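A closer look at the structure
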Amino acid sequence: MYKEILKLKHITKKYPGVTALDDVSLSFREGEIHAIAGENGAGKSTFIKTITGAIYPTSGEIYFEDRLLKTNSPEISMQQGIAAIYQEFNLFPSLSVAENIFYGRYPKKNGTIDYNEMLKRTSRIMEELGIDIAADTLVKNLSVGYQQLVEIAKSVSKETKLLIMDEPSAPLTENEVKHLFRIIKNLKKKRVTIIYISHRLEEIFQICDRVSIFRDGKYIKTLNVKETNVDELIRIMVNRNLGEQYPPKNYSKGEKVLEIRNLNTSLLKDINIEAYRGEILGLAGLVGAGRTETVRALFGAEKVDSGDFYLWGKRLKIKSPQDAIKYGIGLIPEDRKKQGLLLKLPVRYNISFANFQGIKGKLGLDLRKDYEISQKYIASLAIKTPSSEQAAGQLSGGNQQKVVLAKWLFKNSDILIFDEPTRGIDVGAKQEIYKLMVDLVERGKVLIMISSDMSELIGMSDRIIIMHEGKITGNLKKEDFTQEKILSFASGVIEMGEETLE
């Protein structure tokens, strides 16, 4: 018999005009890794916040270790042994790893903080988890991947019995993900229950025991991972037949529009790239290869030591993002929350703020025109939002991505750079983004796409340029795409030969 550590019975959460959770009953077993799957807006975030006490349900009951939690809050849930690691880290960058792990409950000796004991305890936790980080290291000096591991160590230090992980692998490299999985398996051996949320469905099959599917605020069903597959999971999640993952393309390569010549920065070495109408140009490479630095240099957001940019054969003077925007270049950044959106401001404002000239009236900004423009893009891009006044930060990841795209379409940008276009976006929304990208190319836009998702890179690109340590090592046509070849170029095992050139 399995021991059930957590039971939720008839949980409902209502907001004005919206039922975020609708009569959800679900239980979790001690020591299992249990995935929660569903499209953005399915109710996953509301569900886990209900467990941690960050949200109080409208109705329903929560039992932890067979005890009814009559009241709940983040403090109460932590006391019970429930912890959560969210996508946004809750760390203090200027404090050490040890100080972050024991923040608010420092070991004391003679009324003062016992730093030696704290460092000792931290080192012991890190050793048990197999994490190679010195206890006195400042968090701000760690990579995002190691910061994620510090969050896990912090949770484990509190004798956690149930750990919720919300998109834990999103900011990690491939090797860091492998390390994360080893840690999760070790926690499972210690009978810690893991609730695992990820848009990367392949991870569910790599590490989870069971998966529960949510759709439109409702719990649909739970499956044993060994008895299902990706296709079945997707079909239940979206409740519709998605058909082909990547949309058909009705365009062909046209004239050269953009050229980067001999670009050099502190990282980049003699980068030469050409982009054409009628193709999606993919940029591939491992973390640190220089892909993002290349497009940021083109967008005027990276210091350039030497090199030139040409549009329709005419040399551009790009010293800032304002210059790039003036030339019709738009960047949909990897981190849309920090670099692409004004999260607390309305969808309407986010669409228009790069082009206030487009909503100017006789006496300043024409708010009626602003509203009409926002309605146009909300409709044409199928942005799911209660209204144009909704704060952008309240939208799902896929809809946030559409708002960033709407901003550049309203600006009438001809060159659109997509940096990790579907990171943190569910499978249904991914297809919507892919279709929008193909539509844009068919309308004559020039698209450059950076992606770390090999399937996406191969499925969406018409040509792929591969980078390694700041240099271009490969340039592949569609007919030459293979995962092995791309990885060989990306790891520097082979470099570009005459047969791979345009």
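For the structure itself, consult the block above.
Residues numbered from 1 in each chain as written. Predicted model: local features only at pLDDT ≥ 70, side-chain atom pairs only at ≥ 80, totals over all residues. Heavy atoms only, no water.

Side note on the pairing of strand β15 (residues 280-285)
Of all six residues that make up β15, six are buried, and the element is covered over most of its length. A two-sided burial pattern is seen for β15, the buried positions comprising Ile280, Gly282 and Ala284 on one face and Leu281, Leu283 and Gly285 on the other. As judged from the four bridges shared by β15 and strand β22 (residues 446-450), these two strands associate in the parallel manner. Opposite Ile280, over in β22, you have Leu447 as the bridge partner. Bridge count between β15 and strand β23 (residues 463-468): five bridges; the pairing is parallel. In the sheet register, Ala284 faces β23, and the bridge partner there is Ile466. (Buried < 20%, exposed > 50% of the residue type's maximum accessible area, 1.4 Å probe, protein only. Helix = DSSP H or I, 4+ residues; strand = E, 2+ residues; numbered from the N terminus. Pairing = 2+ DSSP bridges.)

A short note on the sheet that holds strand β21 (residues 415-419)
Spatial strand order, β18-β21-β22-β15-β23-β24: six strands in an open sheet with mixed pairing. The open sheet terminates on both sides in strands that have one partner only, identified here as β18 (329-332) and β24 (471-477). The mean angle between the axes of side-by-side strands here comes to 20°, regardless of whether they run parallel or antiparallel. Of the pairings in the sheet, the one linking β23 to β24 comprises six bridges and is antiparallel in character. Note that in β24 the partner of Met467 across the bridge is Ile472. Contacts from helix α15 (residues 427-442) reach β15, β21 and β22, with the element oriented near 145° to β22. Lying on the sheet, helix α17 (residues 483-490) is in contact with β15, β23 and β24; it crosses β23 at an angle near 35°. (Axes fitted to C-alpha atoms, helices over the stretch in contact; angles between N-to-C directions. Contact = heavy atoms within 4.5 Å.)

Focus: the sheet that holds strand β14 (residues 271-276)
What the four strands build is an open sheet, ordered β14-β13-β16-β17; its pairing is antiparallel. Taken across any chain shown, the strands that pair with only one partner, and hence form the sheet edges, are β14 and β17 (314-316). Strand after strand, the sheet turns through a mean of 20° between neighbouring axes, direction not considered. Sheet topology note: the strand β13 (residues 256-264)/β14 ladder contains five bridges and is antiparallel. Within β14, the position partnered with Glu259 by the bridge is Glu274.

Observations regarding the environment of Arg210
Looking at where Arg210 falls in the secondary structure, it is placed in strand β11 (residues 210-215). Overall, the relative accessible area of 10% leaves Arg210 in the buried class. Sequence-wise, Arg210 and Val347 are 137 residues apart; in three dimensions their C-alpha atoms are separated by 37 Å. The residues touching Arg210, leaving out its near neighbours within four places in the chain, are Ser27, Phe28, Arg29, Glu32, Ile33, His34, Ala35, Thr222, Leu223, Asn224 and Val225. A distance of 2.9 Å separates the side chain of Arg210 from the side chain of Glu32, its partner in a polar contact. (Polar contact = N/O pair within 3.5 Å; in protein donor to acceptor, adjacent residues only side chain to side chain.)

Side note on helix α6 (residues 174-189)
Over its 16 residues, α6 extends 23 Å from the first C-alpha to the last, a length consistent with the 22 Å expected when each residue adds 1.5 Å. Among the residues of α6, Glu176, Val177, His179, Leu180, Phe181, Ile183, Ile184 and Leu187 are the ones counted as buried. Buried-residue contacts for α6 involve β3 (33-37), α4 (115-129), α5 (144-156), β9 (162-166), β10 (193-197) and α7 (201-207). The positive-phi residue at the C-terminal boundary of α6 is Arg191, with phi of around 70°. (Expected span 1.5 Å × (residues − 1).)

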